[in-house]
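As a plain string of letters, each chain reads:
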Amino acid sequence: MTQYIIRRLLLTVPLVLGAATLVFIALRLAPGDPAQVLLGTFATAERVAQLQAKFGLDQPLHVQYWRFLVALAQGDLGVSYLTRQPVMAEIKRVFPYSLVLGVMATGIAALVAIPVGVMAAVRRGSAWDYGGLSLALLLVSMPTFWLGIILMYLFAVGLEWFPAIGGGTAGDLASMIHHATLPAIALSGGLMAFLARLTRANMHDVLASEFVRTARAKGLAERVVVYKHALRNAMIPVLSVLGLGLGQIMGGSVIIEVVFARPGLGKLLVDSITGRDYLQAQACIIVLAILFVLVNLLTELSYALVDPRVRYQ
Amino acid sequence: MLAAALGTAACGGGSSGGDPAPGGSAAGGGTATGTPAQDGKVLVFVDESVGVSNIPAFTTTSEDANKYALIYNTLVRIKPGTTTEIEPELAESWEVSDDGLVWTFHLRRGVQWHRGYGEFTADDVVFTWDFLKNHEDSLYRENAAIVESVTALDPYTVEFRLTAPFQPFIWRVANILPFTGYVLSRAAMEDLGVDGYEQTPVGTGPFILEELVPREHVLAVANPDYFEGPPLVDAVKMVAIADTQTALAALEAGNVHIVELADHLQASRFEGSDRAEVMARQAYLLYWLNLNMTLPPFDDPRVRQAVLLGIDYQAVIDAALGGYGTIPHQGLLQPGMVGFDQAVNPPNRYDPEAARQLLQEAGYLDNPVPVTCVTYDSTLAIRYGEVIEQNLRQIGFDIDIQNLERGTFNEVRMAEDAQCVILGYSGEPEPDFLMSLFYGPNMPPAMLNISRYTGIDDLFEAQSQAATAEEREQLLRQLQARVVDDVPLVMAVMGDRIWIVSNRVRNFEPLVTFSGLLFQNVDLVE
């Protein structure tokens, strides 16, 4: 298993390099220039050229790319054009906010979706089934930003239970959770709907399989059959989706981060791209690529926990 | 200079501060987490971003103005509530020599720098201008070039000697863009270095920068030793919120107290509200069409005139700004600006029949040349564009207004074949910069005279070197008349600035200019 993990981790190197190269090229192909964006609409051409030279953007593209690779090999992702601080410092600052949001949103989705999916499968055709499916349809149809604004007006403006904006005090988990609750609920909707349907479908297949019939024939209680035997077998695809969902929410929640004016990797990435802060955007992509690989690896390793037959070689 | 309310290029940022400076006691102390300031009266206002730099010489974005107004002072300032009235700030009085070349400022005594850097003196003014003129990263070297020398005659008297008479010079030492007026501390810069100063800026202003989180917020605590008396609140927090809906929800939830609207149509929600007040002020949120005079169809003055007469200015104000705007004047200068004269520069009028007639005479209606206008993609720019495009199509223009992403727009607008480029601008009462955008030598790619206009070059040069204010006004009058005749641009919109202010806030005076809000007299009640 250790060998498997090492091999998987080594695979991240070409993956990160590929992602970094793609983003390096894409950013520079996009029209617009960091110096111009930074200096503003009315900057003179002379000042723009001066700043381009300072950032090394006056060099040919292959020279810029080589410098980027050399720096990357040394673990140096550079300094933000905008903040003049190391780009990793900014990522380290916003990462906990994205992590809390991602874990909470996937957690809420799983806690609601899995029981609903199981109930719908066990009592197929019942009010549970139709109710669960209707809820899933409703959740998946609601635009996240709209749900976010509705939640904000209900629970932040109206009831004043949660703050309307911000990510909470860094390092204070209670404050961060308090601030992340509404955005996490808003984000969990789509994933929740998908997970509920997936759980229902898998559970339905598993419940029809022979070992379940055997378990029932042995006289096991229905609760034990469903939760101990059937659910564990139905969980592997659900775990995969949860893992992907976590990565996606951590890096791709820019809309909800804007709606709740909270820090996060997604917003940082989009801000960096619109501000043509090349180095910051590159660093965000590299971190997100590594994050996805790690989350996938953890997800795969967790398969063994729910299904002891899974072996890693 | 960027259009604050039209959306700006800089998406926020700055450098993080917060560490107590080596040179002295950082007032307020501690970090933003649970500081006494945060537990006390903290006035929170929303800005589009927290700006780019803590050193005024390094930025040209108007979002930095509010931050500078908290931290720094200038020799003189625009009297709040006025546009062109100047009042003393760090200088108590000033005089100009008869030849207009020597400006002498008598400075206030006993003003203290933040963080224990001692008393503000004339030497700090000398240092600031040396920094503006000579630091390699200074963005104002051209602006500062008019100053030949700055001399401290004694600790409380400073003399500027100009290379030529320059009537607008008083604005160079005032609290507006260009940010040449904000005075830096020589002692602090020598002690901290440029990077250190960027982290912990040292000013004489009513608030001391405590913390800056790039793209998110600035926290500044009250300066108990402020020379006009300590501020009434314990701290001011400036939060960057990009989404207007979010900002307004946060205001209703009590998380923020003052929001400047980037979307004027939202104001109606708060008209008559018992939670907050709508404060609208006529301002210079200008938006105009640069018509390239060297390319068809705008090389024909009749076609340019047709654009001028073909826009329903009131409809633009109503549809895009919810009525919060004023019909603009064509001659660049707007009411309240230095030298504005309504007699030669009347408000624009809408006359679609006359416009169509002009197009007919120019032969355009029979052989229409397709026109592409490019602009950026802010909420307001998109709404303005829709109305203007519809108006101009109605009179017979084959026109397409494209809203481009900022980076793309910055490139496309400089192209030689750009026929029509729409720019937005957060204007100042001193029109020197606005006029320079239509000065012959400032054509692309160096600058933004996209119209390729050369008609006011003589007057522009003469007015900036006029020896007296009267002489300058006379030249500005001629300049306005000439722009009205030549139509190198069409001034399309002049929007108000609107603030939504919580009913907990007292004594807030919105600014007509983009000088940075003044918070030293603002209070927060329960």
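What you see is a predicted model, and the numbers here were worked out from it, not measured in a lab. (Residues numbered from 1 in each chain as written. Chains lettered and ligands numbered in written order. Predicted model: local features only at pLDDT ≥ 70, side-chain atom pairs only at ≥ 80, totals over all residues. Heavy atoms only, no water.)

Caption draft 1: Region of the structure containing the overall build of chain A. Scanning chain A for helices and strands turns up 13 helices and zero strands. For chain A, the α and β elements follow one another from N to C terminus as α-α-α-α-α-α-α-α-α-α-α-α-α. Overall, chain A is about 85 × 55 × 35 Å in size when its C-alpha atoms are taken along their principal axes. Looking at chain A as a whole, 51% of its 313 residues qualify as buried. Contacts in chain A between residues far apart in sequence, at least 24 positions, make up 73% of those at least 6 positions apart. Only carbon and sulfur atoms are counted for the fraction: they give 69% of the accessible area of chain A, which is about 14,700 Å². Across chain A, the centroid of the 24 positively charged side chains sits 9 Å from that of the 16 negatively charged ones. (Helix = DSSP H or I, 4+ residues; strand = E, 2+ residues; numbered from the N terminus. Buried < 20%, exposed > 50% of the residue type's maximum accessible area, 1.4 Å probe, protein only. Contact = heavy atoms within 4.5 Å. Areas by Shrake-Rupley, 256 points an atom, 1.4 Å probe, with all protein chains shown as cover. Lys, Arg positive; Asp, Glu negative; His and termini not counted. Charge placed at Lys NZ, Arg CZ, Asp CG, Glu CD.)

Caption draft 2: The arrangement of the interface of chain A and chain B in detail. Between chain A and chain B, the residue contacts involve 45 residues of the former and 58 residues of the latter. Across the chain A/chain B interface, buried area totals approximately 3,900 Å², and carbon plus sulfur atoms make up 54% of it. Where chain A touches chain B, the interface holds seven salt bridges. Run the count over chain A and chain B and you get 12 residue pairs in polar contact (both at pLDDT 80 or more). When contributions to the side of chain A that touches chain B are tallied by element, the ones reaching two or more residues are helix H2 (34–39), helix H3 (45–55), helix H5 (87–122), helix H7 (144–158), helix H11 (254–259) and helix H12 (265–274) of chain A. Here the side of chain A that touches chain B is composed, by residue class, of 21 nonpolar, 14 polar and 10 charged. (Buried area = accessible area lost by both parts, 1.4 Å probe. Salt bridge = Lys/Arg side-chain N within 4 Å of Asp/Glu carboxyl O. Polar contact = N/O pair within 3.5 Å; in protein donor to acceptor, adjacent residues only side chain to side chain. Nonpolar A, V, L, I, M, F, W, Y, C, P; charged D, E, K, R; others polar.)

Caption draft 3: Region of interest: the pattern of salt bridges. Within this structure, the stated rule accounts for 32 salt bridges over all chains. Glu216 of chain B serves as the salt-bridge partner of Arg93 of chain A, at 2.9 Å between the closest nitrogen and oxygen. Highlighted residues: Arg93 of chain A in helix H5 and Glu216 of chain B in the loop between strand S8 (207–213) and strand S9 (217–222), drawn from two different chains. You can call Arg93 of chain A partly exposed: its relative accessible area is 23%.

Caption draft 4: View of the confidence of the model for chain B. Residues and elements named next belong to chain B. On average, chain B scores 88 in pLDDT, and the residues at 70 or more come to 93%. Under a pLDDT of 50 for its full length, residues 1–37 has, in the predicted model, 136 contacts with residues more than four places off or in other chains. Here the predicted complex scores 0.83 on pTM and 0.79 on ipTM. (pLDDT = per-residue confidence, 0-100.)

Caption draft 5: The pairing of strand S14 (residues 371–376) of chain B, seen in detail. All names here are of chain B. Most of S14 is tucked away, with five of its six residues classed as buried. Here S14 pairs with strand S15 (residues 399–404) via six bridges, running parallel. Bridging from a neighbouring strand, Thr375 pairs with Asn403 of S15. (Pairing = 2+ DSSP bridges.)

Caption draft 6: A look at unusual backbone geometry. A cis geometry characterises the amide bond from Leu177 of chain B onward to Pro178 of chain B, with omega recorded as -5°. By the secondary structure assignment, Pro178 of chain B is in the loop between helix H5 (169–172) and helix H6 (186–199). Residues Pro296 of chain B and Pro297 of chain B are joined by a peptide bond in cis, for which omega reads 5°. Positive phi outside glycine occurs at Arg276 of chain A, with the angle close to 50°. With respect to the helices and strands, Arg276 of chain A occurs in the loop between H12 and helix H13 (278–306). Given the relative accessible area of 5%, Arg276 of chain A is considered buried. Unusually for a residue other than glycine, Arg452 of chain B sits at a positive phi of about 60°. Summarising the element assignment, Arg452 of chain B is placed in the loop between helix H13 (432–436) and helix H14 (457–464). Under the relative-accessibility criterion, Arg452 of chain B is labelled buried at 14%.

Caption draft 7: Region of interest: the packing of aromatic side chains. Residue and element names in this part refer to chain B. One pass over the full model with this rule turns up 32 aromatic pairs over all chains. Taking 5.1 Å as the distance between ring centres and 90° as the angle between the ring planes, the aromatic pair formed by Tyr68 and Phe179 counts as edge-to-face. Of this pair, Tyr68 sits in helix H2 (residues 64–71) while Phe179 sits in the loop between H5 and H6, and the two are 111 residues apart along the sequence. Take Phe179: its relative accessible area is 1%, and that puts it in the buried class. Their ring planes at 20° and their centres at 6.2 Å tell us that Tyr425 and Phe433 sit as a pair that is stacked. The buried category is assigned to Tyr425, whose relative accessible area is 0%. Ring pairing ties together the aromatic residues Trp94, Trp103, Phe105, Trp129, Phe160 and Phe169, which thus form one cluster. (Phe/Tyr/Trp six-rings, centres within 6.5 Å; stacked < 30°, edge-to-face > 60°.)

Caption draft 8: Broad picture of the nonpolar core. Residue and element names in this part refer to chain B. Residues Leu75, Phe105, Phe160 and Phe519 are the most contacted members of the largest nonpolar core, which totals 79 residues. Top contributing element to this core by residue count: helix H3 (residues 122–134), with seven residues. Setting aside residues no more than four positions away along its own chain, Leu75 makes contact with Pro88, Glu89, Leu90, Ala91, Phe105, Leu107, Phe120, Val125, Phe160, Val173, Gly181 and Val183. (Core = buried A, V, L, I, M, F, W, Y, C linked by side-chain atoms within 4.5 Å.)

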